[in-house]
Amino acid sequence: MRHYLMVRPAYFDVEYSINPWMDPGKPTDTELAIAQWEWLRDLYIELGHRVELLDPEPGLPDMVYAANGATVVNGRALVARFHHRFRRQESAAYLNWFTGHDYREVRQARWHNEGEGDFLVAGSRILAGSGFRTDSRAHQETAEFFGVPVVGLTLTDPRYYHLDTALTVLDEDTIMYFPEAFTEESRRRLEQLYPDAVIASAADAAAFGLNAVSDGRHVVLPQAATGLITRLRERGFEPIGADLSELLKGGGSVKCCTLELRS
Ligand code: ARG
């Protein structure tokens, strides 16, 4: 069983653009965003996971992307410090929530740090992205806060501005990723650490197929990532296709909406 924190997209909209997927000129349908999000929440519950909710706030349309709010390992929560001013006020909501929920240690990050957008727990290590949002100095801070080794990776393609848009942790020692989203050096590092990784095509990456949530067996990912769905099945996982088309307009999908709480 996994434990997730989610935020209902009650005030979801695309009012500004802080990633190439966001076009404020394009209409959004908040009702549809809510229905798609509820489908995802219900799916997690059906799969036997526990879902907690943090209240959405008006004026913070990106709050639905809960993965960015913190990184939580071993009952400790390191709360985000957002890069863009539009999202900075979200941190207070996460600080409040974790402070009120019996966590061993709760602190806001000192350097720009967008939570599980850029920090992915992979077994006994944390894979950490930088290049667009999270400051590379945040990697060291995170390693110290959790006492866990952090592997720094540098992103290069603005469409894949968070690590969780270019890489998914499938289980303790398996990942899937899109190599072209990383610098040469980071690619070499990933090849060395994960010689058996599932490699995503450009089309699957563009369908946001790597913005996926795995419980070690089921992998929930955008249904348009058909190549990955086939590959995952071949590798013995159970892929589940999701339609989160409205939330894609903000540049996020399954993983962005899901913050994992590790006690
Ligand atoms: N509009 C949000 C932003 O640009 C989307 C965040 C997506 N979240 C994620 N975990 N990649 O910050």
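Note that the structure is a prediction, hence the values are computed from the model and not measured.

Below, the discussion takes up the overall build of the protein. Secondary structure summary: the protein contains seven helices and 15 strands in total. Taken over C-alpha atoms, the radius of gyration comes to 17 Å for the protein, in line with the 18 Å a tight globule of 263 residues would show. The dimensions of the protein, computed from C-alpha atoms along their principal axes, are 45 × 40 × 35 Å. For the protein, the residues scored as buried account for 46% of the 263 residues in total. For the protein, contacts bridging at least 24 residues in sequence account for 64% of all contacts bridging at least 6.

What follows concerns the nonpolar core. Counting residues in hydrophobic clusters, the biggest one holds 77 residues, and the most contacted among them are Ala66, Ala166 and Cys257. For this core, the element with the highest residue contribution is helix 1 (residues 30–46), accounting for four residues. Those residues within four positions of Cys257 in sequence are excluded, and the remaining contacts are Met6, Trp37, Leu40, Val64, Tyr65, Ala66, Leu247 and Gly252.

Take the sheet that holds strand 8 (residues 150–154) next. Strand order in this open sheet of three strands is 6-7-8, and the pairing throughout is mixed. Looking along the sheet, the strands with just one partner apiece sit at the ends: strand 6 (119–122) and strand 8. The average angle at which neighbouring strand axes cross in this sheet is 25°, direction not considered. As paired elements, strand 6 and strand 7 (residues 125–130) share four bridges and run antiparallel to each other. Following the sheet pairing, Ala122 is matched in strand 7 by Arg125.

For helix 3 (residues 137–146), every residue scored as buried is listed here: Ala138, His139, Thr142, Phe145 and Phe146. End-on view of helix 3: buried residues confined to an arc of 130°, all on one side of the axis.

Working definition: the strands of a sheet are paired by backbone hydrogen bonds and lie parallel or antiparallel to each other. The strand order 3-4-5 describes an open sheet built from three strands, whose pairing is mixed. Looking at the sheet topology across the chains shown, the edges are occupied by strand 3 (70–73) and strand 5 (105–108). Geometrically, the sheet is characterised by an average inter-axis angle of 10° between neighbouring strands, direction not taken into account. By the bridge criterion, four bridges tie strand 3 to strand 4 (residues 76–79) in an arrangement that is antiparallel. When the bridges of strand 4 are listed, Ala70 appears paired with Val79. Packing of helix 3 onto the sheet brings it into contact with strand 3 and strand 4, and relative to strand 4 it is tilted by some 160°.

Right, let's talk about the environment of Gly115 for a bit. Along the chain, Gly115 falls in the loop between strand 5 and strand 6. We classify Gly115 as buried; it has 29 C-beta atoms within 10 Å. Excluding residues that lie within four positions of it along the chain, Gly115 makes contacts with Ala67, Asn68, Gly69, Ala70, Thr71, Ala80 and Leu259.

The subject of this paragraph is the pairing of strand 5. Pairing geometry for strand 4 and strand 5, over four bridges, is parallel. Within strand 5, the position partnered with Ala77 by the bridge is Val106. Regarding the hand of the β-α-β motif, the stretch spanning strand 4, helix 2 (residues 90–99) and strand 5 is right-handed.

We now examine the confidence of the model for the protein. Mean pLDDT over the protein stands at 98; residues scoring 70 or higher make up 100%. For this predicted complex, the interface score ipTM comes out at 0.95, alongside a pTM of 0.97.

A few words now on unusual backbone geometry. At Asp102, a position not held by glycine, the phi torsion is positive, near 65°. Locating Asp102 in the fold gives a position in the loop between helix 2 and strand 5. The backbone phi angle of Phe208 is positive, close to 70°, even though this residue is not glycine. Along the chain, the position of Phe208 falls in the loop between helix 5 (202–206) and strand 12 (213–214).

Its location among the elements puts Leu120 in strand 6. For the pair Leu120 and Leu163, spaced 43 residues apart in sequence, the C-alpha separation works out to 7.8 Å.

Okay, the environment of Asp62 next. Take Asp62: it is sitting in the loop between strand 2 (50–53) and strand 3. As a C-alpha pair, Asp62 and Asp171 span 109 residues in sequence and 28 Å in three-dimensional space. Non-local contacts of Asp62, meaning those with residues more than four positions away in its chain, are made with Arg87 and Gly250.

Reading guide: rules and limits
- Residues numbered from 1 in each chain as written.
- Predicted model: local features only at pLDDT ≥ 70, side-chain atom pairs only at ≥ 80, totals over all residues.
- Helix = DSSP H or I, 4+ residues; strand = E, 2+ residues; numbered from the N terminus.
- Rg over C-alpha atoms; globule rule 2.2 N^0.38 Å.
- Buried ≥ 20, exposed ≤ 12 C-beta atoms within 10 Å, placed from the backbone.
- Contact = placed C-beta atoms within 7 Å.
- Core = buried A, V, L, I, M, F, W, Y, C linked by C-beta atoms within 7 Å.
- Pairing = 2+ DSSP bridges.
- Axes fitted to C-alpha atoms, helices over the stretch in contact; angles between N-to-C directions.
- Arc of directions from axis to C-beta.
- Right-handed = clockwise from strand over helix to strand, strands pointing away.
- pLDDT = per-residue confidence, 0-100.

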